[in-house]
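Listed below, chain by chain, are the residues.
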Amino acid sequence: MRLRAAVFLMLAVAPGLFADGGLPVGQVEEDGLRVTLFAAPVPVRAGPLDASVLIQEMPSNRPVTDAEVRMSVRQVGISTGRPVRMPSWCSSVASGTAVPATAAHSANKLLVGAYLALSEPGRWEVTVEVGYRGGVTRAVFPLNVAPPPAPLVTWWPLLAMVPLGVALYAWRARILRRST
């Protein structure tokens with residue numbers, strides 16, 4: 001019985017769990033390296049993009065943790081919406097600006113990452129440059145960037161806390177009144 005309950009709990013919770021670094025959005029094999037790009041949020045939306053990269057040697061698939069990695073984004077298509085205001089903490093403000101991807105960005109030390117700025121919806125390219133063993137490998141990942149979600153969709157959990165707190169306080173007061 002306990003095993004069934006544990007399996008049920010794992011299946012119920014699993015869809016809400018994501019690996020550190022987001023979901024894979026592309027993979028390129030070049031110059032003896034496999035470069036996998038992870039992104040959060042998925043689907044990719046205009047605004048700050050949490051981008052992480054896993055680099056592996058081919059054919060052994062051993063992770064490379066001592067490479068120097070830089071990432072940049074550039075818009076390659078026509079904008080399909082209004083520009084988005086970027087937060088000040090986003091690594092890259094100008095399109096095409098290369099930012100260093102570091103292991104300090106994520107808890108999973110096999111990944112290196114950075115926040116990238118996708119200022120408008122449309123077609124974008126993420127370029128990952130990997131400096132490893134004296135050579136530079138360049139991987140380009142195309143992205144379709146959707147418009148940002150509506151503000152109410154983004155902020156509803158915080159907005160719901162106030163009425164929920166008032167309702168819980170009223171419920172507690174009602175229970176205390178009954179008990180006296």
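All values reported here derive from a predicted model rather than from experimental measurement.

Definitions and limits used
- Residues numbered from 1 in each chain as written.
- Predicted model: local features only at pLDDT ≥ 70, side-chain atom pairs only at ≥ 80, totals over all residues.
- Heavy atoms only, no water.
- Helix = DSSP H or I, 4+ residues; strand = E, 2+ residues; numbered from the N terminus.
- Buried < 20%, exposed > 50% of the residue type's maximum accessible area, 1.4 Å probe, protein only.
- Contact = heavy atoms within 4.5 Å.
- Areas by Shrake-Rupley, 256 points an atom, 1.4 Å probe, with all protein chains shown as cover.
- Pairing = 2+ DSSP bridges.
- Axes fitted to C-alpha atoms, helices over the stretch in contact; angles between N-to-C directions.

A.B. asks: What is the right way to look at the overall build of the chain in this model?
C.D. replies: Of the regular secondary structure elements, the chain holds two helices and eight strands. The linear arrangement of helices and strands in the chain, starting from the amino end, is α-β-β-β-β-β-β-β-β-α. Counting over 180 residues, the chain shows a buried share of 31%. For the chain, contacts bridging at least 24 residues in sequence account for 61% of all contacts bridging at least 6. Only carbon and sulfur atoms are counted for the fraction: they give 63% of the accessible area of the chain, which is about 11,800 Å².

A.B. asks: Just to check I follow, could you spell out unusual backbone geometry for this structure?
C.D. replies: Where the residue is not glycine, phi is negative for most of them; where a peptide bond is considered, it is trans in most cases. Residue valine 42 is joined to proline 43 through a cis peptide bond whose omega torsion reads 5 degrees. Its location among the elements puts proline 43 in the loop between β2 (33-40) and β3 (47-57). In this model, methionine 58 is joined to proline 59 through a cis peptide bond whose omega is -5 degrees. Turning to its location among the elements, proline 59 is positioned in the loop between β3 and β4 (68-75). Although it is not a glycine, aspartate 31 adopts a positive phi angle of roughly 55 degrees. Positionally, aspartate 31 belongs in the loop between β1 (23-30) and β2. By relative accessible area, which is 58% here, aspartate 31 ends up exposed.

A.B. asks: Before we go on, may I ask you to explain the environment of glutamate 68 in this structure?
C.D. replies: Following the sequence through the fold, glutamate 68 ends up in strand β4. In this structure the C-alpha to C-alpha distance between glutamate 68 and threonine 102, which are 34 residues apart in sequence, comes to 8.4 Å. In this structure glutamate 68 touches Glu129, Val130 and Gly131, once residues within four positions along its chain are discounted.

A.B. asks: I'm lost on the sheet that holds strand β6 (residues 111-118) in this one. Help?
C.D. replies: Consider a sheet: its strands pair through backbone hydrogen bonds, and that pairing is either parallel or antiparallel. Spatially, β1-β2-β3-β6 is the arrangement adopted by the four strands of the open sheet, whose pairing is antiparallel. At either margin of the open sheet sits one strand with a lone partner, and together these are β1 and β6. For this sheet, the mean inter-axis angle between neighbouring strands, taken without regard to orientation, is 25 degrees. Two elements, β3 and β6, share eight bridges in a ladder whose sense is antiparallel. Looking at β6, one finds that alanine 51 is bridged to alanine 114.

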